Amino acid sequence: MKMTLTPAGVLKQEHETVGLVLDAAAREIRCLGALGPLRTDRIEQILRFLREFVECCHHCKEEKFLFPMIRACSPREGGDLVEALLEDHAQSCRLSKVARRSFEAAARSDVGAVVLGAGLDACARFLRTHMAREDAVLWPLVDRSLSPRDQTSLLVAFDKVEAQEMGLGAHDRLQQLARDLARE
Ligand SMILES: [Fe+2]
Ligand SMILES: [Fe+2]
């Protein structure tokens, strides 16, 4: 368990990891827009990261454990915020699905490559806005609303998501993938 971090700290750190991959995505988006070489390996890795790390890990921690607790501790302010953030997650999921669907077509034609670039760009922009919103509004609410006991139980739940939903070692492997993508 990441005992030195608070739950908000864990999720904020994950946003930073996602940011590395969105920076890598921006490089591929520019390349696709300019009809440069299609680096299928990197794009496949970015799309896989968006599904496995963002959706199966990060959004799962927020939706299954953090959001219900925020709703319970702060029914009015927290309740409204959680509703809005859940809509964001659904939209982010739709956008990443669109980008994944256009991946195969990108190898077949220039139009396909441009469509993939646009889809990836829409997804990345949306995620950045969503994460900025959580950084600005959600983490301060988490820090001031949840008791130390709630925070500890959240950290335990987050560990369970990593071990059970993602599989042992998958979280670390995806973090390493983000660092590798950031290096180029
Ligand atoms: Fe979120
Ligand atoms: Fe988040």
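Above this text you will find the structure in question.
To start, this report covers the structure provided alongside it. Keep in mind that what you see is a predicted model, and the values were worked out from it rather than measured.

## Structural notes on the nonpolar core
- Within the largest apolar cluster, 29 residues are counted, with the highest numbers of intra-cluster contacts made by Val21, Ala25, Ile46, Phe49, Leu120, Cys123 and Leu127.
- Listing elements by their share of this core, those giving two or more residues are helix 1 (7–33), helix 2 (40–73), helix 3 (77–106), helix 4 (110–145) and helix 6 (170–183).
- With eight residues, the top contributor of residues to this core is helix 2.
- Setting aside its immediate chain neighbours within four residues, Ile46 contacts Val21, Ala24, Ala25, Glu28 and Leu181.
- Core analysis: the next-biggest nonpolar cluster, separate from the first, contains 13 residues, Met69, Leu138, Val142 and Leu146 among them.

## A few points about the environment of Pro7
- Counting through the fold element by element, Pro7 comes out in helix 1.
- The exposure class assigned to Pro7 is buried, which follows from the 25 C-beta atoms found within 10 Å.
- Taking the C-alpha atoms as reference, Pro7 lies 11 Å from Pro140; in sequence the two are 133 residues apart.

## Things to note about helix 3
- Along its 30 residues, helix 3 runs 43 Å from first to last C-alpha, staying within 8% of the 44 Å computed at 1.5 Å per residue.
- Summarising the contacts, the buried residues of helix 3 are in contact with helix 2 and helix 4.

## Considering helix 4
- Along its 36 residues, helix 4 runs 51 Å from first to last C-alpha, staying within 8% of the 52 Å computed at 1.5 Å per residue.
- The largest bend along helix 4 measures about 40° and falls at Asp135.

## Topic: unusual backbone geometry
- Although it is not a glycine, Leu35 sits at a positive phi angle of roughly 55°.
- By the element assignment, Leu35 lies in the loop between helix 1 and helix 2.
- Overall, the presence of 11 C-beta atoms within 10 Å leaves Leu35 in the exposed class.

## Here we look at the environment of Glu28
- Within the fold, Glu28 resides in helix 1.
- Note: C-alpha distance between Glu28 and Phe49 (21 residues apart in sequence) is 15 Å.
- Setting aside anything within four residues of it in sequence, one finds Glu28 in contact with Arg39, Arg42, Ile43, Ile46 and Leu120.

## Observations concerning the packing of helix 2 against helix 6
- Viewed as axis vectors pointing N to C, helix 2 and helix 6 meet at an angle of 140°, and their least axial separation amounts to 10 Å. As summarised for this structure, helix 2 and helix 6 are arranged oblique, according to the angle between their axes. The handedness of the crossing between helix 2 and helix 6 is left-handed. Side by side, helix 2 and helix 6 meet where Arg42, Gln45, Ile46, Phe49, Glu52, Phe53 and Cys57 of the first sit next to Ala170, His171, Leu174, Leu177, Ala178 and Leu181 of the second.
- Among the residues making up the contact of helix 2 with helix 6, the classes are represented as nine nonpolar, two polar and two charged.

The rules we used
- Along each chain, the written sequence defines residue order, and numbers are assigned to residues from 1.
- Note on labels: chains are lettered from A, ligands numbered from 1, in written order.
- Whole-chain, interface and lining totals are the exception, using all residues; otherwise, since this is a predicted model, local features are given only for residues with pLDDT of at least 70 and side-chain atom pairs are given and counted only at 80 or more.
- A set of buried residues drawn from Ala, Val, Leu, Ile, Met, Phe, Trp, Tyr and Cys, joined through C-beta atoms within 7 Å, is what defines a nonpolar core.
- To assign burial, the other C-beta atoms lying within 10 Å of each residue's own C-beta are counted, with C-beta atoms placed from the backbone; 20 or more indicates buried, 12 or fewer indicates exposed, and intermediate counts indicate partly exposed.
- Here a helix means four or more residues in a row that DSSP labels H or I, a strand means two or more in a row labelled E, and each is numbered from the N terminus.
- Contact definition: two residues whose C-beta atoms, as placed from backbone geometry, lie within 7 Å.
- Expected helix span is given by 1.5 Å per residue-to-residue step, counting one fewer step than there are residues.
- Bend, in this description, refers to the angle at a residue between axes fitted to the seven residues ending there and the seven starting there.
- Each axis is a line fitted through C-alpha atoms, taken for helices only over the stretch in contact, and angles between the N-to-C directions span 0 to 180 degrees.
- If an angle is under 35 degrees, it is roughly parallel; if it is over 145, roughly antiparallel; if it lies from 65 to 115, roughly perpendicular; otherwise it is oblique.
- In this scheme the handedness of a crossing depends on how the near helix is turned from the far one: anticlockwise by less than a right angle means left-handed, clockwise means right-handed.
- Gly falls in the polar group here, along with every residue not listed as nonpolar (Ala, Val, Leu, Ile, Met, Phe, Trp, Tyr, Cys, Pro) or charged (Asp, Glu, Lys, Arg).

These results come straight from atomic positions and should not be treated as a statement about function.
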